[in-house]
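Architecture and fold: a report
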Number of protein chains: 2
Amino acid sequence: MAENREVTIYDIAKHLNISAATVSRGLKNSPSVNKNTRKKIAEAAVELGYQSNTFASSLRSKSTHTLGVLVPRLNSYFMSSVLAGMENAANRHGYNLIIAQSLEDAEKEKLNAATMFNKRVDGLLISLSYDTQNINHLEPFFKRKIPVVFFDRVHPHNASTSIVINNYGAAYNITKHLIDQGCRRIMHLGGNVLRNVYKERFDGYRQALKDHDLSFNEKMHFISTLSEKAGAEAAKHILNLTAAKRPDAVFSANDTAAVYCMIALKTAGLRIPEDVAFAGFNNDPISKVIEPNLTTVDYSGDTMGNTAVTNLINHLKGISNLYSTNSITLRADMIIRASSLKKG
Amino acid sequence: MAENREVTIYDIAKHLNISAATVSRGLKNSPSVNKNTRKKIAEAAVELGYQSNTFASSLRSKSTHTLGVLVPRLNSYFMSSVLAGMENAANRHGYNLIIAQSLEDAEKEKLNAATMFNKRVDGLLISLSYDTQNINHLEPFFKRKIPVVFFDRVHPHNASTSIVINNYGAAYNITKHLIDQGCRRIMHLGGNVLRNVYKERFDGYRQALKDHDLSFNEKMHFISTLSEKAGAEAAKHILNLTAAKRPDAVFSANDTAAVYCMIALKTAGLRIPEDVAFAGFNNDPISKVIEPNLTTVDYSGDTMGNTAVTNLINHLKGISNLYSTNSITLRADMIIRASSLKKG
């Protein structure tokens, strides 16, 4: 047989010396075809390299069974867990995922959104880049009623659902926990407040201070990209303060910055939690390895990915209506470990 | 305008009161159309929600500009780096990635491969599951000359390229390093030897022992899935040995098992590296956080993903021929840290 020519049901029919109609029904596993014949047809299809016509039928049905996934960065533990959860749910329902990363760049996010749109994804799952200012680039989706689900870094939109955790509540609780441990000068390592996740964690931290009659000082809000380097720089900043002005606790909006801040402070001779207590966010693998182990917020990427895809597919299947759901808030429990335990 | 009807170039033409032919040329950014008009056409296309016909043209050209990626698990640091590298390279060349995970299950890998085949990916990138026995499920790709690139966990095939590191050499060097530090009873935490990566790391370890007149003992080869739990179980196994039979070094085929073995041994009072020296593999984030920091092999997932996709796309573009390349071996340097340094 020719190597590059498309294999058709006629080739399978000829190969087995049966009719093309029988092959067609056999490939659909129709009981009207003898079981043995169906088996022979299936085997011949593989042997000859027959490709089912899902691609052409997608064009006819206007459905590609493909979901677009736009994320800021693929290479983080949290995002890899989200993707794993998404793939699991999509696979279970016969959908495929097309992925793209903005690399935290709003312009790249726009280009990726346009590509997904032209690829005719059935739905879009998106977590916004660090500096995205608005969601005008998603208008084509809204206009064509292609469902959009935001997750983690979301943007309110009346024709879209957001999958989030209670960032405000989690930050409030973890700050309260530090206060309960006797900490009075709590520094916050935060991200760009343009993104809901960082804004809400900052707000929760500030409200907890207020509710416990602790004043908030702008100098105790250290904004960065929360990278390893940013964590080390926060430590340098802390070490440059006079002992009286140093924080007695640090609440970081992610585990990476917390851990690299801890490492630098430990190297400089500070004791954790005695001199500075620590709390992070995400429950990344490093939080269980750093000494002392890091108090953090368990934020299940797997559950978030699974929920986002399941809701999107249920909408596509007409089982539920995404547009009537404003947001879905997932559980995110505080995990208290030695880095913040100053009292028995 | 109707919300669900396909927007055509005729709608854009009508909207701007120009000819459809001009719109068609304008959308292709042809210089024969006035620059201002091209801008107006592009804006109207977005405003009206026009989708370019890449999907239909894919069907005509028999090319989808989509690459399939089949991996064992998405949620590992290494794999998320591979995906990030792949997405980067694919995006640069105008290709999209469809992803699926086998969850280390050969049967699921087969189903995923069939889905990718029917989705008509232009090429396939695959890393095999833990228990895949053969690659018969990839025959349809080979038969239709759809290029297949193996990466990391590979399988030799004469119509395919494998992207690997020198696992044997890296394992040999790291074992030799432990021997140079005075270690004589080196245990190996390994994976399923059905997979090249684990077989070759085991072989490199064994050869280094042999070349230094150290005998190999089957009891010093602890085979597992190299999970956190497996690392802790290896520690239990070590602690159950009499002091005279205990290893004075552990070389693990990944960082996760090494780190969780270290944590358990430290808890039991053993000193690292004095009582047991440690070396891992991958240079995961946890290897830089565990105390003492873990000696390991720097294995860049990003470079591997980038190389795999770039070679695949070059083949598709006719720039180079994948079939003439048997394998590509990437650099993987040993990183010596405190966990293995017994001497100055």
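Conventions adopted
Residues numbered from 1 in each chain as written. Chains lettered and ligands numbered in written order. Predicted model: local features only at pLDDT ≥ 70, side-chain atom pairs only at ≥ 80, totals over all residues. Heavy atoms only, no water. Helix = DSSP H or I, 4+ residues; strand = E, 2+ residues; numbered from the N terminus. Rg over C-alpha atoms; globule rule 2.2 N^0.38 Å. Buried < 20%, exposed > 50% of the residue type's maximum accessible area, 1.4 Å probe, protein only. Contact = heavy atoms within 4.5 Å. Areas by Shrake-Rupley, 256 points an atom, 1.4 Å probe, with all protein chains shown as cover. Lys, Arg positive; Asp, Glu negative; His and termini not counted. Charge placed at Lys NZ, Arg CZ, Asp CG, Glu CD. Least-squares fit on C-alpha atoms with pLDDT ≥ 70 in both. Core = buried A, V, L, I, M, F, W, Y, C linked by side-chain atoms within 4.5 Å. Pairing = 2+ DSSP bridges. Axes fitted to C-alpha atoms, helices over the stretch in contact; angles between N-to-C directions. Expected span 1.5 Å × (residues − 1). Polar contact = N/O pair within 3.5 Å; in protein donor to acceptor, adjacent residues only side chain to side chain. Phe/Tyr/Trp six-rings, centres within 6.5 Å; stacked < 30°, edge-to-face > 60°. Lys NZ or Arg CZ within 6 Å of the ring centre and 35° of its normal. Buried area = accessible area lost by both parts, 1.4 Å probe. Salt bridge = Lys/Arg side-chain N within 4 Å of Asp/Glu carboxyl O. Nonpolar A, V, L, I, M, F, W, Y, C, P; charged D, E, K, R; others polar. Patch = residues over 30% accessible without salt bridge, like charges linked within 9 Å, V, L, I, M, F, W, Y side chains within 5 Å. Domains from an automatic or database assignment. Right-handed = clockwise from strand over helix to strand, strands pointing away.

Within chain A, the secondary structure is distributed over 12 helices and 12 strands. For chain A, whose C-alpha radius of gyration is 26 Å, the value lies well above the compact-globule estimate of 20 Å for 344 residues. Taken across its 344 residues, chain A has 55% of its residues classed as buried. For chain A, the share of sequence-separated contacts (at least 6 apart) that also reach a separation of at least 24 residues comes to 72%. As presented, chain A carries roughly 14,700 Å² of accessible surface, and 50% of it is formed by carbon and sulfur atoms. In chain A, the 41 positive side-chain charges and the 31 negative ones have mean positions that sit 5 Å from each other.

What follows concerns the relation of the copies chain A and chain B. By a simple turn and slide, chain A fits onto chain B: the slide is 0.0 Å along the axis, the RMSD is 0.1 Å, and the turn is 180 degrees. In the structure described here, the two chain copies are related by an operation that fits a two-fold rotation axis. Nearest to the rotation axis, the C-alpha of Ile98 of chain A is located 2.3 Å from it, this being the minimum over chain A. The fraction of interface residues of chain A whose copies in chain B are also interface residues reaches 100%, indicating that both copies meet through the same surface.

What follows is about the nonpolar core. Generally speaking, a soluble globular protein has its nonpolar side chains buried in company with each other. Core analysis: the biggest nonpolar cluster contains 148 residues, and Met86, Leu125 and Phe278 of chain A together with Met86, Leu125 and Phe278 of chain B have the highest contact counts within it. Sequence-distant contacts of Met86 of chain B, defined by excluding residues within four places in its chain, comprise Val69, Leu97, Leu125, Phe151, Gly305, Asn306, Ala308 and Val309 of chain B.

It is worth spelling out the sheet that holds strand β6 (residues 186–190) of chain B at this point. Sheet strands line up and pair through hydrogen bonds in the backbone, either parallel or antiparallel. Residue and element names in this part refer to chain B. Strands sit in the order β7-β6-β8-β9 across an open sheet of 4 strands; the sheet is parallel. Each edge of the sheet is formed by a strand with only one pairing partner; in this case those strands are β7 (221–223) and β9 (277–279). Along the sheet, successive strands turn relative to each other by an average axial angle of 15 degrees, direction set aside. Helix α11 (residues 255–267) contacts β6, β8 (249–252) and β9 of the sheet and is inclined by roughly 160 degrees relative to β9.

Residue and element names in this part refer to chain A. In a regular helix each residue adds 1.5 Å, so 13 residues correspond to 18 Å; helix α11 (residues 255–267) covers 18 Å between its end C-alpha atoms and thus fits that length. Here the buried face of α11 lies against β6 (186–190), α10 (228–240), β8 (249–252), β9 (277–279) and β10 (296–297). By the N-cap criterion, in which a side-chain oxygen at the helix start approaches the backbone nitrogen of a residue two or three places on, α11 is capped by Asn254, the distance to Thr256 being 3.2 Å. Positive phi shows up at Gly269, right after α11, with a value of about 100 degrees.

Right, let's talk about the packing of aromatic side chains for a bit. A complete count under the given rule lists 14 aromatic pairs over all chains for this structure. Where Tyr130 of chain A meets Tyr198 of chain A, the ring centres are 6.5 Å apart and the plane angle is 55 degrees; that geometry is what we call tilted. On the criterion of sequence distance, the pair formed by Tyr130 of chain A in the loop between β3 (123–126) and α7 (139–143) and Tyr198 of chain A in helix α9 (residues 196–211) is long-range, its members being 68 residues apart. The residues Tyr130 of chain A and Tyr198 of chain A share a single accessibility class, namely buried. Between the aromatic rings of Phe281 of chain B and Tyr299 of chain B, the centroid separation amounts to 6.4 Å while the plane-to-plane angle is 85 degrees, which identifies the pairing as edge-to-face. With Phe281 of chain B in the loop between β9 and β10 (296–297) and Tyr299 of chain B in the loop between β10 and α12 (301–316), the pair connects residues that are 18 residues apart, well separated along the chain. Summarising the burial analysis for this pair, Phe281 of chain B and Tyr299 of chain B share the class buried. Pairwise contacts between aromatic rings join Phe78, Phe281 and Tyr299 of chain A into one cluster. Cation over ring: Arg201 of chain B sits above Phe281 of chain B, and NZ or CZ is 3.7 Å from the ring centre.

Let us look at the side chain of Ser81 of chain A. Mapping Ser81 of chain A onto the fold places it in helix α5 (residues 77–92). Given a relative accessible area of 7%, Ser81 of chain A falls into the buried group. If we ignore the near neighbours within four places in the chain, the residues touching Ser81 of chain A are Gly301 and Asp302 of chain A together with Asn75 of chain B.

Of the residues lining the interface, 62 residues belong to chain A; the matching set on chain B comes to 62 residues. Here chain A meets chain B over a buried area of about 5,600 Å², counting both sides, of which 51% is carbon and sulfur. Close ionic contact of Lys266 of chain A with Glu291 of chain B constitutes a salt bridge, the shortest N to O distance being 2.3 Å. Summed over the shared surface of chain A and chain B, the number is 16 residue pairs in polar contact (both at pLDDT 80 or more). Elements that contribute at least two residues to the side of chain A that touches chain B include exactly α3 (35–48), α4 (54–61), α5, β2 (96–101), α6 (106–118), α7 and α11 of chain A. Ranked by residue count, the leading element in the side of chain A that touches chain B is α5 of chain A, at 7 residues. Its residues assigned to classes, the side of chain A that touches chain B shows 25 nonpolar, 21 polar and 16 charged. As defined by bridge partners, β2 of chain A adjoins strand β2 (residues 96–101) of chain B across 3 bridges and the pair is classed as antiparallel. Residue pairing for β2 of chain B: Leu97 of chain A is matched across the bridge by Ile99 of chain B.

It is worth spelling out the pattern of salt bridges at this point. Here the structure, examined in full by the defined rule, presents 22 salt bridges over all chains. Three or more residues are tied together by salt bridges with common partners; here these are Lys199, Asp203 and Arg206 of chain A.

With that settled, the discussion passes to a nonpolar patch on the surface. Together, Met334, Ile336 and Leu341 of chain A line one region of the surface with nonpolar side chains, adding up to about 230 Å² of accessible area. Tracing the backbone through its elements, the reader meets Leu341 of chain A in the segment after β12 (334–335).

Attention shifts here to the domain arrangement of chain A. Under the domain assignment, chain A is made up of domain 1 (9–52), domain 2 (64–166 + 301–330) and domain 3 (167–299 + 334–340). Each of domain 1 of chain A and domain 2 of chain A has a C-alpha centre, and these two points are 38 Å apart.

Residue and element names in this part refer to chain B. Extensive coverage of strand β1 (residues 66–71) is indicated by the burial of 6 of its 6 residues. Alternating residues of β1 divide into Thr66, Gly68 and Leu70 and Leu67, Val69 and Val71, and every residue in both groups is buried. Bridge count for β1 against β2 is 6 bridges, and the pairing is parallel. Residue pairing in the sheet places Gly68 in a bridge with Ile98 of β2. Traced from β1 through helix α5 (residues 77–92) to β2, the parallel crossover comes out right-handed. Pairing of β1 with strand β3 (residues 123–126), which is carried by 4 bridges, proceeds in the parallel orientation. By the bridge assignment for β3, Leu70 is matched with Ile126.

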